Amino acid sequence: RAKRTGKNAAYRYASALGEAEARRATLERDVQHAATRGELTLHYQPLFDLRTRQAVKVEALLRWTHPQLGEVSPAEFIPLAEATGLIVPLGEWVMCRACTDARHLPGTLVVAVNVSPVQLEDPDFPQTVRAVLRDCGLAPGRLELELTETALMRDVARASHTLGELRALGVRVALDDFGTGHTSLSSLRDLPLDTVKIDRSFVADLRGGQGQPFTQTLLGALLQVAEVLDLEVVAEGLEDDAQLRALHALGCHVGQGYLLGRPVPLDRLLSTPWDAPGGASQERAAEVALA
Ligand code: C2E
Ligand code: MG
Ligand code: MG
Ligand code: MG
């Protein structure tokens, strides 16, 4: 009997592997046409200045509704688009859409767009950004490009050069998911950056209280370095008041997370009052931040 269960388990394992493979193949094939078939949309998540209570940025987050499989997470399909190089035109579509949408938003709001390492390595990338800004008629200072540590650390000298070109266009540059890769505090000095986004795994550590002393110390050090380098620090993944309070106390001035506002379609964003997107929860967050 035990033998039979073992065989069934092995069979289930093999068939689950087969299903995962089949899903991957389907997604890799279908993502090629997702944009032209109108299956892609952008959602926008607000970022707040924790001192003034104002929304200061929105991050564009790609959404794909597959006709049979439903919502597919970008964490699942972006890597597939990267593997085939599709991310280059797809990323341009995202930037174009976000810059066009930004023109419907208050002029004080910056729109943040995620950029894949594959896009950054494309020698035409700065030209593409310039063309998108021109075609969409958006002031360059209203666009922030978010890059991950892996994108920058593959070839620091080259990445640094490209970031310099982007900033020369007047675009802002952010380091996303800080702390998950291999960027040291001193490499922040060598990269031309405007913003550092603390990965939500660190923010999660501050959940429900003082959190891990190590995380507190580390974030304190990051915030001190950021101040010297004149970098804006954003805390991602704020989900509770304790996290918000801890980060505010450490001197972090910008926050993003479900506590303050979830990613929503543009029309939802436009129908929310500007001084209080996220409604009641934002008010509550601001009260805590200012307490
Ligand atoms: P990211 O750039 O770090 O974006 C933040 C992710 O955290 C988003 O997930 C957002 O929905 C989620 N998030 C925001 N607040 C909270 C919170 O309080 N708690 C938790 N648990 N999560 C929160 P999403 O939209 O699933 O995107 C996942 C990742 O996919 C993004 O991480 C980004 O790396 C990538 N991505 C999304 N859109 C694009 C895109 O247009 N281009 C590229 N290259 N990558 C994208
Ligand atoms: Mg991001
Ligand atoms: Mg992030
Ligand atoms: Mg992240």
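Just above sits the structure.
On a predicted model such as this, the values are computed, not experimentally measured, just so you know.

(A) A look at the nonpolar core. Among the nonpolar cores identified, the biggest contains 75 residues, and Val 129, Leu 143 and Leu 145 are the most heavily contacted of them. With seven residues, the top contributor of residues to this core is helix α3 (residues 87-102). Once residues within four sequence positions are removed from consideration, Val 129 is found in contact with Met 95, Leu 143, Leu 145, Leu 166, Leu 169 and Val 171.

(B) A look at the coordination of the magnesium ion (ligand 2). At 2.0 to 2.2 Å from the magnesium ion (ligand 2) lie its protein donor atoms, namely Glu 59 (OE), Asn 114 (OD1), Glu 146 (OE) and Asp 176 (OD). Linear spacing of the donor residues for the magnesium ion (ligand 2) on their chain is E-x54-N-x31-E-x29-D. The metal-metal distance between the magnesium ion (ligand 2) and the magnesium ion (ligand 3) is 3.6 Å, with Asp 176 serving as a donor to both. Taken as a pair, Glu 59 in strand β2 (residues 55-66) and Glu 146 in strand β5 (residues 143-148) lie far apart in primary sequence, 87 residues in all. Each member of the pair, Glu 59 as well as Glu 146, is classed as buried.

(C) Focus on the pairing of strand β7 (residues 195-198). What you see with β7 is no split at all: Thr 195 and Lys 197 on one side and Val 196 and Ile 198 on the other are buried throughout. Bridge count for strand β6 (residues 172-178) against β7 is three bridges, and the pairing is parallel. Paired with Leu 175 across the strands is Val 196, a residue of β7. Note that β7 and strand β8 (residues 232-235) share four bridges and pair parallel. If you follow Ile 198 over to β8, its bridge partner there is Ala 235.

(D) Representation of α3 within the structure. Between its terminal C-alpha atoms α3 stretches 22 Å, which fits the 22 Å expected from 16 residues at 1.5 Å a residue. Buried within α3 are the following residues: Ile 87, Leu 90, Gly 91, Val 94, Met 95, Ala 98, Cys 99, Asp 101 and Ala 102. Along the axis of α3, the buried positions cluster into a sector of 165°, meaning they face one direction only.

(E) Just the pairing of β2, in detail. Taking burial as the measure, the 12 residues of β2 include 10 buried ones, the bulk of the element. Here strand β1 (residues 40-49) pairs with β2 via nine bridges, running antiparallel. Each residue of the ladder has a partner; that of His 43, found in β2, is Leu 61. Following β1, the chain reverses through five residues before pairing antiparallel with β2; Arg 53 in that reversal takes a positive phi of roughly 70°. Note that β2 and strand β4 (residues 110-114) share four bridges and pair parallel. By the bridge assignment for β4, Ala 60 is matched with Val 113. As judged from the three bridges shared by β2 and strand β3 (residues 70-72), these two strands associate in the antiparallel manner. If you follow His 66 over to β3, its bridge partner there is Gly 70.

(F) Here's a closer look at the packing of aromatic side chains. Taken as a whole and assessed by the stated rule, the structure comprises one aromatic pair. Ring geometry for Trp 64 versus Phe 77: centroids 5.4 Å apart, planes at 85°, classification edge-to-face. Separated by 13 residues along the polypeptide, Trp 64 in strand β2 and Phe 77 in helix α2 (residues 74-84) bring together distant segments of the chain. The class of Trp 64 is buried, set by a relative accessible area of 0%. The ring of Tyr 258 carries Arg 262 above its face, with NZ or CZ at 4.0 Å from the centroid.

(G) Structural view of the site of ligand 1. Among the 20 residues in the neighbourhood of ligand 1, the closest are listed as Arg 63, Asn 114, Arg 200, Glu 239 and Tyr 258. Within the contact set of ligand 1, an oxygen atom lies 3.0 Å away from a side-chain nitrogen or oxygen of Glu 59. Contact distances for ligand 1 include 2.9 Å between an oxygen atom and a side-chain N or O atom of Arg 200. Relative to its unbound accessible surface of 810 Å², ligand 1 loses 84% to contact with the protein. At the level of elements, β2, α2 and β6 are the ones that each hand at least two residues to the shell around ligand 1. Among the elements that make up the shell around ligand 1, the one with the highest residue count is β2 (four residues).

Thresholds applied
- Residues numbered from 1 in each chain as written.
- Chains lettered and ligands numbered in written order.
- Predicted model: local features only at pLDDT ≥ 70, side-chain atom pairs only at ≥ 80, totals over all residues.
- Heavy atoms only, no water.
- Core = buried A, V, L, I, M, F, W, Y, C linked by side-chain atoms within 4.5 Å.
- Buried < 20%, exposed > 50% of the residue type's maximum accessible area, 1.4 Å probe, protein only.
- Helix = DSSP H or I, 4+ residues; strand = E, 2+ residues; numbered from the N terminus.
- Contact = heavy atoms within 4.5 Å.
- Donors = N, O, S within 2.8 Å, 3.2 Å for Na, K, Ca; no water.
- Pairing = 2+ DSSP bridges.
- Expected span 1.5 Å × (residues − 1).
- Arc of directions from axis to C-beta.
- Phe/Tyr/Trp six-rings, centres within 6.5 Å; stacked < 30°, edge-to-face > 60°.
- Lys NZ or Arg CZ within 6 Å of the ring centre and 35° of its normal.
- Near = heavy atom within 4 Å.
- Polar contact = N/O pair within 3.5 Å; in protein donor to acceptor, adjacent residues only side chain to side chain.
- Areas by Shrake-Rupley, 256 points an atom, 1.4 Å probe, with all protein chains shown as cover.

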